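# Tertiary structure, described
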Amino acid sequence: MKDNEEKQSLYLVMGGRVTDPRKVIFADPESIHVAGVFDAYENAVNSWRGNAQRTVDDAEMKYVIVPLHDLLEPEA
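Since the model is a prediction, treat every value here as computed from it, not as a measurement. (Residues numbered from 1 in each chain as written. Predicted model: local features only at pLDDT ≥ 70, side-chain atom pairs only at ≥ 80, totals over all residues. Heavy atoms only, no water.)

## Some words on the overall build of the protein
- Tallying secondary structure elements over the protein gives two helices and three strands in all.
- Of the regular secondary structure in the protein, the N- to C-terminal order runs β-β-α-β-α.
- Computed over the C-alpha atoms, the radius of gyration of the protein is 14 Å, more than 25% above the 11 Å expected from 2.2 N^0.38 for a compact globule of 76 residues.
- Taken along the three principal axes of its C-alpha coordinates, the protein extends 45 × 20 × 20 Å.
- Per-residue burial over the protein gives 28% buried out of 76 residues.
- Nonlocal contacts in the protein, meaning residues at least 24 apart in sequence, comprise 61% of its contacts between residues at least 6 apart.
- On the protein, roughly 5,600 Å² of surface is accessible, and the fraction owed to carbon and sulfur atoms is 50%.
- Here the protein contributes 8 positively and 14 negatively charged side chains, and the mean placements of these two sets differ by 7 Å. (Helix = DSSP H or I, 4+ residues; strand = E, 2+ residues; numbered from the N terminus. Rg over C-alpha atoms; globule rule 2.2 N^0.38 Å. Buried < 20%, exposed > 50% of the residue type's maximum accessible area, 1.4 Å probe, protein only. Contact = heavy atoms within 4.5 Å. Areas by Shrake-Rupley, 256 points an atom, 1.4 Å probe, with all protein chains shown as cover. Lys, Arg positive; Asp, Glu negative; His and termini not counted. Charge placed at Lys NZ, Arg CZ, Asp CG, Glu CD.)

## A few points about the pattern of salt bridges
- This model, assessed by the stated rule, comprises four salt bridges.
- A salt bridge links Arg17 to Glu60; the shortest N-O distance between them is 3.3 Å. In this pair, Arg17 sits in strand E1 (residues 11-17) while Glu60 sits in the loop between helix H1 (41-54) and strand E3 (61-67), placing the two residues 43 residues apart along the sequence.
- Given the relative accessible area of 40%, Glu60 is considered partly exposed. (Salt bridge = Lys/Arg side-chain N within 4 Å of Asp/Glu carboxyl O.)

## Some remarks on the packing of aromatic side chains
- All chains considered together, the criterion is met by one aromatic pair.
- Here the aromatic rings of Tyr11 and Tyr41 are separated by 5.4 Å at their centres, their planes lie at 70°, and the arrangement is edge-to-face. In this pair, Tyr11 is assigned in strand E1 and Tyr41 in helix H1, connecting sequence segments 30 residues apart.
- On the accessibility criterion, Tyr11 (13% relative accessible area) is buried.
- Here Tyr41 falls in the partly exposed class, since its relative accessible area comes to 43%. (Phe/Tyr/Trp six-rings, centres within 6.5 Å; stacked < 30°, edge-to-face > 60°.)

This is the structure we're talking about:
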């Protein structure tokens, strides 16, 4: 990446049924719900919050925010 280029921030919001509510190990990775990819952390948090609140009565459902930009360019 050149010095004058900005790093694009991307956040993935996803969730699903976990094997243990204290961990992030999905019971069935093929059934993970992808809520979306967002370029602003605040938008990702809003999506995460809405999905987490919708499933609050199910202790085995968990939603997370994954910073994709850190995975795409780990050296940056």
